[in-house]
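Residue-level structural notes
Chain residues, written in single-letter form:
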Amino acid sequence: MKPALFILIAVLLAVNNIFINFRIGNLSYDRLLEFGLFFLFFKSYITELRENSFFRKYNLYIILFAIVQFLMNIKLVMFNGAETKIIYVSFVKCFSYIVFSYLFLLIVKENTKYLNIIIAIHLGICVFGLLHHPISPLSSQVHQIKTSLYKGVEGNEGLSKKLTGQDRYIQEGISNRFRMSGPFPSPIPFAYFLLSALFLNLYMYLRSNKKIYLFNLSIILLCSFMSQTRSLILAEVVMIMIFWVFINNKRINTYKVGIVITVLALAVLYVNRPSSSVQTGESSRMTKFNDRRELLWITGMYAIAKHPFGISKEQYAEVRKEMYYITGSLTVLYMPSHNGFINTAFNYTVIGYFLMIGFCIFIYKRTKPLSKNYRIIFNTFYIAYIINATFHNNFLFYSDYTVYMVLMLITIHYQYEKNKGLEYPKQLLNEA
């Protein structure tokens, strides 16, 4: 019975954010099942809290974020006319972070075969994305499947527009402007998914040295380029290059450093190539950079400066109007900040910045006891994650879930190395 439940948990975690349209109230079926399974294993959750200092402090941070958000929402409801439901919706969302994290910890701590199930499903998601691309002979049929995942989206104008646009590109065979998104609503959640999936395969390749993970990595990288998400590609290039230079090398080779610098320079030029240097018309999105993200960042920071302890939609609209009169850019009137770290304050006030910095320091310290190779790949992932999140809205404890798998692997791998009898300095053991 237990193995069957663990397989079910692995499937639910792997397909996160795909079946969001199938829901009861504000909760999707898969999230409801996760909550039910969490309470089924609640006793072991309490045991994990008692025995695992990493997981205990991890939970404490989420609780602190939830308290700050609760107080902010109370203020918005009482003084800024926000709907009362934001209080319990935000509380349930914070709770879901704990549930998702623990379920992953529960099954992978038991056996890495459950992580391999997740990785296998992730590969299937990537294949779905490839088959959905206009160059695929099955793109129309796959798009019909995707559309069925989002039936009844008439009320969501943005999502309906995205699906209609994808269908047009497929029907007209426009592949160079098509942004692959797989079964996800848009390319952005697909990008966050790909970044964490890349790490999971890098981790398992380093741990097992099995070539199948290299194959998986090639598929993930192919999907990343076809998603035409510039920040994702830059982040993944950074991860791969650092992995190539530092992992399993007793000393740093000069030629490798030179290659890395060259590749990174080319990657930066590629994702930020001036549009005037390429042909106009239906050229690839990857060759253009016209969205003026810095104006969105400034608008977001200005809104936080004016309303540091919570901002309503109406107040944000007023800030956007002010910035429009200053900049003359229509983009600031309807586009969000496109910076995950800026959005931390929108969700948790400026106090959230102090909590987030504390959390990042906590995570960094918890990677220190790991052996060199694993310490490097974990820290490299965080660098890559920040690179990607700098240009998009999702961030830790906001709307990205696959990143919690990576965070839980810290304590899982620490226990794995401890069981193998690896010796750590006493100070690092105390910190862990």
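Residues numbered from 1 in each chain as written. Predicted model: local features only at pLDDT ≥ 70, side-chain atom pairs only at ≥ 80, totals over all residues. Heavy atoms only, no water.

Let's shift gears to the overall build of the chain. For the chain, the helix and strand inventory stands at 20 helices and two strands. Residues classed as buried in the chain amount to 52% of the 432 residues present. Of all intrachain contacts in the chain linking residues separated by at least 6 positions in sequence, the fraction that spans at least 24 positions is 72%. For the chain, the exposed surface amounts to about 20500 Å²; the carbon and sulfur share of it is 64%. (Helix = DSSP H or I, 4+ residues; strand = E, 2+ residues; numbered from the N terminus. Buried < 20%, exposed > 50% of the residue type's maximum accessible area, 1.4 Å probe, protein only. Contact = heavy atoms within 4.5 Å. Areas by Shrake-Rupley, 256 points an atom, 1.4 Å probe, with all protein chains shown as cover.)

Right, let's get into the pattern of salt bridges. What the rule picks out here adds up to five salt bridges. The shortest N-O distance in the salt bridge between Lys109 and Glu48 comes to 3.0 Å. Of this pair, Lys109 sits in helix α5 (residues 85-110) while Glu48 sits in helix α3 (residues 42-51), and the two are 61 residues apart along the sequence. Residue class for Lys109 comes out partly exposed when judged on its relative accessible area of 45%. Put simply, Glu322 and Lys306 hold a salt bridge, and the shortest N to O gap is 2.9 Å. Of the two residues, Glu322 is situated in helix α14 (residues 313-327) and Lys306 in helix α13 (residues 293-306); the sequence distance between them amounts to 16 residues. For Glu322, a relative accessible area of 27% gives the class partly exposed. (Salt bridge = Lys/Arg side-chain N within 4 Å of Asp/Glu carboxyl O.)

Close contact between helix α6 (residues 113-132) and helix α10 (residues 212-227) brings their axes to 10 Å; oriented N to C, the two are set at 40°. Comparing their axes, α10 and α6 come out oblique. The two elements α6 and α10 meet at a crossing, and its hand is left-handed. Judged by residue contacts, Asn116, Ile119, Leu123, Cys126 and Leu130 of α6 engage Tyr213, Phe215, Asn216, Ile219, Ile220, Leu222, Cys223 and Met226 from α10. (Axes fitted to C-alpha atoms, helices over the stretch in contact; angles between N-to-C directions. Parallel < 35°, antiparallel > 145°, perpendicular 65-115°, else oblique. Left-handed = near helix turned anticlockwise from the far one by under 90°.)

Take the packing of aromatic side chains next. Applying the stated criterion to the full structure yields 50 aromatic pairs. Above the face of the Tyr416 ring, Arg207 is positioned so that its terminal group lies 3.6 Å from the ring centre. (Phe/Tyr/Trp six-rings, centres within 6.5 Å; stacked < 30°, edge-to-face > 60°. Lys NZ or Arg CZ within 6 Å of the ring centre and 35° of its normal.)

Quick look at the packing of α10 against helix α11 (residues 230-246) now. Where α10 contacts α11, the two axes come as close as 8 Å, and the packing angle between them is 150°. As summarised for this structure, α10 and α11 are arranged roughly antiparallel, according to the angle between their axes. By crossing handedness, the relation of α10 to α11 is classed as left-handed. Within the contact between the two elements, α10 uses Ile220, Leu221, Ser224, Phe225 and Ser227 and α11 uses Leu232, Ile233 and Glu236. Looking at the contact of α10 with α11, its residues break down into five nonpolar, two polar and one charged. (Nonpolar A, V, L, I, M, F, W, Y, C, P; charged D, E, K, R; others polar.)

What follows concerns α3. Within the span of α3, buried status applies to Tyr45, Glu48 and Leu49. With its buried residues spanning 100° around the axis, α3 presents them on a single face. In α3, the exposed positions that point more than 90 degrees away from the buried face belong to Lys43, Arg50 and Glu51. (Arc of directions from axis to C-beta.)

Turning to the side chain of Ser312, a few remarks are in order. Within the secondary structure, Ser312 sits in the loop between α13 and α14. For Ser312, a relative accessible area of 8% puts it in the buried group. Excluding residues that lie within four positions of it along the chain, Ser312 makes contacts with Leu76 and Asn80.

Before going further, it helps to examine the confidence of the model for the chain. Counting all residues, the mean pLDDT for the chain is 87, and 86% of those residues have values of 70 or more. Long-range and interchain partners of residues 274-284, a stretch whose pLDDT sits below 50, account for 16 contacts in this model, where long-range means more than four residues apart. Here residues 423-432 is a poorly scored stretch, pLDDT under 50, and it has 17 contacts once near neighbours within four places are set aside; other chains count. (pLDDT = per-residue confidence, 0-100.)

Tracing the backbone through its elements, the reader meets Arg230 in helix α11. In sequence terms Arg230 and Phe391 are 161 residues apart; their C-alpha atoms lie 9.1 Å from each other.

Moving on: the side chain of Ser186. As for its placement among the helices and strands, Ser186 is situated in the loop between α8 (157-172) and α9 (187-208). The exposure class assigned to Ser186 is buried, which follows from its relative accessible area of 12%. If we ignore the near neighbours within four places in the chain, the residues touching Ser186 are Lys162 and Ser181.

Relative to the 24 Å expected for 17 residues at 1.5 Å per residue, helix α19 (residues 403-419) spans 25 Å between its end C-alpha atoms, a close match to the ideal helical length. Of all the bends in α19, the greatest, near 30°, is centred on Leu409. By the criterion of burial, α19 is predominantly enclosed, with 13 of the 17 residues buried. (Expected span 1.5 Å × (residues − 1). Bend = angle between axes of the 7 residues up to and from the residue.)

Using the criterion set out here, one finds zero disulfides in the structure. Cys126 provides the cysteine sulfur closest to Cys223, a residue in no disulfide bond, and the two sulfurs are 4.2 Å apart. (Disulfide = S-S within 2.5 Å.)

The backbone of Asn17 sits at a positive phi, close to 75°, despite the residue not being glycine. By secondary structure assignment, the location of Asn17 is in the loop between α1 (2-14) and β1 (23-24). Residue classification places Asn17 among the partly exposed residues on the basis of a relative accessible area of 24%. One non-glycine residue, Thr349, lies in the positive phi region at around 60°. The topology assignment puts Thr349 in the loop between α16 (340-348) and α17 (351-367).

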